[in-house]
Amino acid sequence: MEFVSPDAVIAIARNLLPAGAELLRERFEVREGGLDASRERIIELVEGADAVVADPAVAVDEELLRAAGPGLRVVANFAVGYDNVDLDACRAAGVRVTNTPDVLTNATAELALALTLAAGRLVGEAERDLRAGHWRGWDPAAYRGQELSGATVGVVGLGRIGRRYAELLAGFDAGLLYSSRTPKPDAESRLGARRVELEELLARADVVSLHVPASAETRHLIDAAALARMKPTAVLVNTARGALVDLAALAAALREGRLGAAGLDVYEGEPKVPEELLAAPRAVLTPHIGSATVTARDAMAITVAENVIAVLEGREPPNPVV
Ligand code: NAP
């Protein structure tokens, strides 16, 4: 094991939960920016750091790498998605990048299921009306949503989270379609999922749930044209990344009755959420809480720390991206 200088500096750009932060503090000097850290503060904080702990709200780009300087060895992202990290710039700088897969798979899939049910059954709308004092008594025509049982569900991206979501649907007796870059024969035989092109999935599914990473290829995967292909009763669920959905087009489809409902956890440009989406009907909106369970978030924090410690001890990190 390589000797690790106790002087090694870890810059936690915003926040790392104690489960992980304590593991780092036991070994290294730790600086923490806090949840409200501005970009300027983060740039100052990383100067001379051996490791940077980032999260989806922290852009790790050439500017940040330059500010950190040549001693930087690892960027550990407190998330499984790493679209906030410029991987090419990290590679060029010889900096390792790690993420936190697996430990948040179930939590995120369960939130996707929660949003599927809440959006399909208009739970958000109904609850808002009740709280606002608009409930006038049992109404047979009000809040008529859709059942998941017997529905066709289209899973876009059958990776870890998409697959777990598909497994959770088993009790609902839903039909499963999926689109993916590569076939998943095991999921096809075990879950009865059928692989189709995205266009066919959009046209046939009663629920479309997104589970692909954000990339140049997937930006606005769901745009006005994709929404036009979907059934006017369909439910769109996005627990992946905001960049996948054109929010202006989605708000218009909801407003104009061209889409049944939407359940969203992530937004392009978050934490800002466009007014037109907030005003749109039949949308359930959560503030990026996919992995927000005690179990998942603590395990993610520990995973972050384990990756940092491995790199600084000269070992291969358990969850390398670069
Ligand atoms: P994963 O196991 O890597 O699964 C992603 C899947 O997407 C893979 O099966 C991959 O296909 C597929 N894919 C990638 N690019 C594609 C494309 N252009 N077209 C079609 N399919 C494509 O990742 P995961 O652990 O399930 O996480 C998925 C995403 O969820 C993360 O990237 C993250 O952004 C998001 N997430 C959000 C939250 C939240 O808090 N809301 C929490 C956790 C994760 P192949 O297998 O064929 O390569």
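Rules behind the numbers
- Residues numbered from 1 in each chain as written.
- Predicted model: local features only at pLDDT ≥ 70, side-chain atom pairs only at ≥ 80, totals over all residues.
- Heavy atoms only, no water.
- Pairing = 2+ DSSP bridges.
- Helix = DSSP H or I, 4+ residues; strand = E, 2+ residues; numbered from the N terminus.
- Axes fitted to C-alpha atoms, helices over the stretch in contact; angles between N-to-C directions.
- Contact = heavy atoms within 4.5 Å.
- Parallel < 35°, antiparallel > 145°, perpendicular 65-115°, else oblique.
- Left-handed = near helix turned anticlockwise from the far one by under 90°.
- Salt bridge = Lys/Arg side-chain N within 4 Å of Asp/Glu carboxyl O.
- Buried < 20%, exposed > 50% of the residue type's maximum accessible area, 1.4 Å probe, protein only.

**Looking at the sheet that holds strand β2 (residues 29-32)**
A sheet is described by the order of its strands in space; here five strands give the open sequence β2-β1-β3-β4-β5, paired in parallel fashion. Each edge of the open sheet carries a strand with a single partner, namely β2 and β5 (96-98). Strand-to-strand twist in this sheet, taken as the mean axis angle between neighbours without regard to direction, amounts to 15 degrees. Sitting on the sheet, helix α13 (residues 294-312) is in contact with β1 (9-12), β3 (51-54), β4 (74-77) and β5, with an inclination near 165 degrees to β4.

**Considering the packing of helix α1 (residues 18-25) against α13**
Closest axis-to-axis distance for the α1/α13 pair is 7 Å, and the angle between their directions is 25 degrees. With respect to their mutual orientation, α1 and α13 come out roughly parallel. Crossing of α1 over α13 shows right-handed handedness. The segment α1 lies against α13, with Ala19, Gly20, Leu23 and Leu24 engaging Asp298, Ala301, Ile302, Ala305, Val308 and Ile309.

**Re the pattern of salt bridges**
If you walk through the whole model with that rule in mind, you get 22 salt bridges. A salt bridge links glutamate 167 to arginine 163, with the shortest nitrogen-to-oxygen separation between them at 3.3 Å. Of this pair, glutamate 167 and arginine 163 both sit in helix α7 (residues 160-168), four residues apart, which is roughly one turn of that helix. Residue class for glutamate 167 comes out partly exposed when judged on its relative accessible area of 29%. Notably, a salt bridge pairs arginine 163 with aspartate 186, separated by 3.0 Å at the nearest N-O pair. In this pair, arginine 163 is assigned in helix α7 and aspartate 186 in helix α8 (residues 185-191), connecting sequence segments 23 residues apart. Connected via shared salt-bridge partners are Arg163, Arg164, Glu167, Asp186 and Arg190.

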